[in-house]
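What the coordinates show
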Amino acid sequence: MRLPFVIAHLVTTGLGPIYDGISHIFMSPDDLVPIIAIALLAGLNGPAAARSALFALTGAWLIGGILGLFMAAPLFPATSPLISFLLLGSLTALDRRLSPRAVAALAVAVGLLHGWLNGVSLAGVQREGIGLAGITSAAFVIVALVSALVVSLRPAWARMAVRVAGSWVAAIGLLMLGWSLRVTPA
Amino acid sequence: MTPSLGVRFLVVMMLVLAGIEPVLAHEQTGAARGFLTGFLHPLSGLDHVVAMIAVGLWGAQLGPPALWMLPVTFPMVMAVGGFLGLMGVTLPGVEIGIALSALLLGVLVASEARPSLLIAASLVGFFAIFHGHAHGTELPPGQSGLAYSIGFVVATGLLHGVGIAIGVVHRWRAGRVALRVAGAAVAVAGVAFLWGAVA
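Residues numbered from 1 in each chain as written. Chains lettered and ligands numbered in written order. Predicted model: local features only at pLDDT ≥ 70, side-chain atom pairs only at ≥ 80, totals over all residues.

A look at the overall build of chain B
For chain B, the count of helices and strands is eight helices and zero strands. Reading chain B from its N terminus to its C terminus gives the helix and strand order α-α-α-α-α-α-α-α. Counting only residues that meet the buried cut, chain B has 48% of its 199 residues in that class. The contacts of chain B with a sequence gap of at least 6 include a subset with a gap of at least 24, amounting to 89%. (Helix = DSSP H or I, 4+ residues; strand = E, 2+ residues; numbered from the N terminus. Buried ≥ 20, exposed ≤ 12 C-beta atoms within 10 Å, placed from the backbone. Contact = placed C-beta atoms within 7 Å.)

A closer look at the overall build of chain A
Per the secondary structure count, chain A includes seven helices and zero strands. In chain A, the order of α-helices and β-strands from amino to carboxyl end is α-α-α-α-α-α-α. For chain A, the proportion of its 186 residues judged to be buried stands at 56%.

Side note on the packing of helix α2 (residues 29-44) of chain A against helix α5 (residues 100-124) of chain A
All names here are of chain A. Closest axis-to-axis distance for the α2/α5 pair is 11 Å, and the angle between their directions is 175 degrees. The angle between the axes of α2 and α5 places the two elements in the roughly antiparallel class. Across the interface between the two elements, Asp31, Pro34, Ile38, Leu41 and Ala42 from α2 touch Val103, Leu106, Ala107, Val110 and His114 from α5. Classifying every residue of the contact of α2 with α5 gives eight nonpolar, one polar and one charged. (Axes fitted to C-alpha atoms, helices over the stretch in contact; angles between N-to-C directions. Parallel < 35°, antiparallel > 145°, perpendicular 65-115°, else oblique. Nonpolar A, V, L, I, M, F, W, Y, C, P; charged D, E, K, R; others polar.)

A few points about the nonpolar core
One finds Ile38, Ala39, Ala53 and Leu57 of chain A together with Ala54 of chain B to be the most contacted residues of the largest nonpolar core, which totals 116 residues. Here the element with the most residues in this core is helix α7 (residues 156-181) of chain A; it accounts for 13 residues. The contacts of Ile38 of chain A, once residues within four sequence positions are left out, are Ala53, Leu57, Leu88, Leu106, Ala107, Val110 and Val143 of chain A. (Core = buried A, V, L, I, M, F, W, Y, C linked by C-beta atoms within 7 Å.)

Regarding the environment of Ala37 of chain A
Residue and element names in this part refer to chain A. Here Ala37 is to be found in helix α2. For Ala37, a count of 29 C-beta atoms within 10 Å translates into the label buried. It is 16 Å that separates the C-alpha atoms of Ala37 and Pro100, two residues lying 63 residues apart in sequence. Setting aside its immediate chain neighbours within four residues, Ala37 contacts Leu88, Gly89, Thr92, Gly166 and Val169.

What to know about helix α4 (residues 66-86) of chain B
All names here are of chain B. The end-to-end C-alpha distance of α4 is 30 Å, a good match for the 30 Å that 21 residues give at a rise of 1.5 Å each. For α4, the tally of buried residues reaches 18 of 21 residues, placing the bulk of the element in the interior. Just past α4, the residue Gly88 takes up positive phi, approximately 85 degrees. (Expected span 1.5 Å × (residues − 1).)

Some remarks on unusual backbone geometry
That bond from Pro64 of chain B to Pro65 of chain B is cis: its omega, 0 degrees, falls within 30 degrees of zero. Tracing the sequence through the fold places Pro65 of chain B in the loop between α3 (46-62) and α4. In the Ramachandran plot, Asp95 of chain A falls in the positive-phi region, its phi being about 55 degrees despite a non-glycine side chain. You can see Asp95 of chain A is positioned in the loop between α4 (80-94) and α5. Given 16 C-beta atoms within a 10 Å radius, Asp95 of chain A is considered partly exposed. Phi at Glu112 of chain B is positive, roughly 50 degrees, even though this residue is not glycine. The topology assignment puts Glu112 of chain B in the loop between α5 (94-110) and α6 (117-135).

Focus on the confidence of the model for chain B
With 81% of its residues at a pLDDT of 70 or more, chain B shows a mean pLDDT of 81. As a predicted assembly, this complex carries a pTM of 0.79 together with an ipTM value of 0.78. (pLDDT = per-residue confidence, 0-100.)

Some thoughts on the packing of α3 of chain B against α4 of chain B
All names here are of chain B. Contact geometry for α3 and α4: axes closest at 7 Å, N-to-C directions at 150 degrees. One finds that α3 runs roughly antiparallel with respect to α4. In contact with Val55, Trp58, Gly59, Ala60 and Leu62 of α3, α4 contributes Ala66, Leu67, Leu70, Pro71 and Phe74. In the contact of α3 with α4, the residues fall into nine nonpolar, one polar and no charged.

Some remarks on the environment of Asn45 of chain A
As for its position among the elements, Asn45 of chain A is in the loop between α2 and α3 (47-70). C-alpha of Asn45 of chain A to C-alpha of Arg96 of chain A: the two residues are 51 residues apart in sequence and 8.3 Å apart in space.

Concerning the environment of Trp195 of chain B
One can find Trp195 of chain B in helix α8 (residues 173-198). Sequence separation between Trp195 of chain B and Ala99 of chain B is 96 residues; the distance between their C-alpha atoms is 8.5 Å.

Listed below in C-alpha cells is the structure:
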C-alpha cells in the first residue's frame, strides 16, 4: 500500500522526459523537501560533508531509480519517505555534528529510497526512464546550491536559521506521519 | 555597497519561485490549495497569531540562545500536538490552553521574565502542544496533507519571525518599554481569549 502523497506527481511539460523529471522535483514537496534537508544538514557539517552528500545523494538516487524502474515492487513500507523528513529535519534542528562519511551514508539512504519510489512510479505509468536523468540533475543542482549557501554562512544567527528550517522539516514529517496513520471516521 | 553572494542568491531564488507559482497551481490543484489552506489557517485565528508573535517577542527579550531555541522547539512540539490530534488523542481544555498560552506569554514579555533556557523552552513547548492539536489537523477534504502541513508549519514559523523582527527594538531603551507594553496587550488579549473559552 502506498500513501497518496508518496505517489509521484509526474509532470508533463511537453518538453520531453528530461524536463518532466526536472519539473517533477520542483513540484513534488515529498521529494524536494528531503533534498533541501540533506543539503542543509550537509552544509552545516562543512564543505567535505557537502561534497560527499552532493555525489552520494544523486548517485544513489539514480541507482535507486533504475532499480525501481526495472524491479517495480512495493519494497519499502508506506511510511518510509517520512523517515527522510523526520531524520534529516531532526538532525539539522539539533545541529548534530556528523562526519562526511555519515552524511554520505544518510544521503545514499535517502537517494536510494526516493529514487526507488520515483522509478516505481515511472514504471507504473509507463513513462520513459530517462526522466530519472532530469530528476537527478535537478537534485544535484539543488544540493549544490543550497549546501554551498549553508557552508558559506558565517554569522551564528544564519546557522540558527538553518536549524529552524530543519525543525520545520521535522515538524512537517511528524504531521505527515499523523496524516498517514489517521483513522478516518466512518 | 555590493550585496553579498548569499543575498543575491536569495533574491534570484525568490524571483524563480515567484515565476513557477502559476505552474504549480495548474499542475497540482490539491497541493496548491492545501498549501494555501495550511498557510492561511494559523493567520485566521487571532489566538494563534498573538501567541506565536509573543513567542518571538519573548525570544528577542531573552536573546541568544533562547532567541533561536524557542522557534526551533515550538514547531517540533507543535507537530507532536498535531500528531496526537490526528491519532484521535483528546486533550482536555485545548482552547483554554491556547488562551492561557497568550495570557502567560504576554505576562512573561510584559515582566521581561528571564527563566533558564530549559524552563523557557519547556513552557513554550507545553503550549505548542495545544496549538498543534487545535490547528494542525483541520485539513479540508480533497487537499494535500503534505502541502497543508508545509503551509501550516511555515506560516507558524514566519509568525515567530515577525515577533523576532519586532523584538529588534529591544536594543533601545524606548523599544524595551514598547515590548513590555506589547506583552501587556498580548496578556489582555489572552484574558479575552480565556473568557471566550470558558464562557
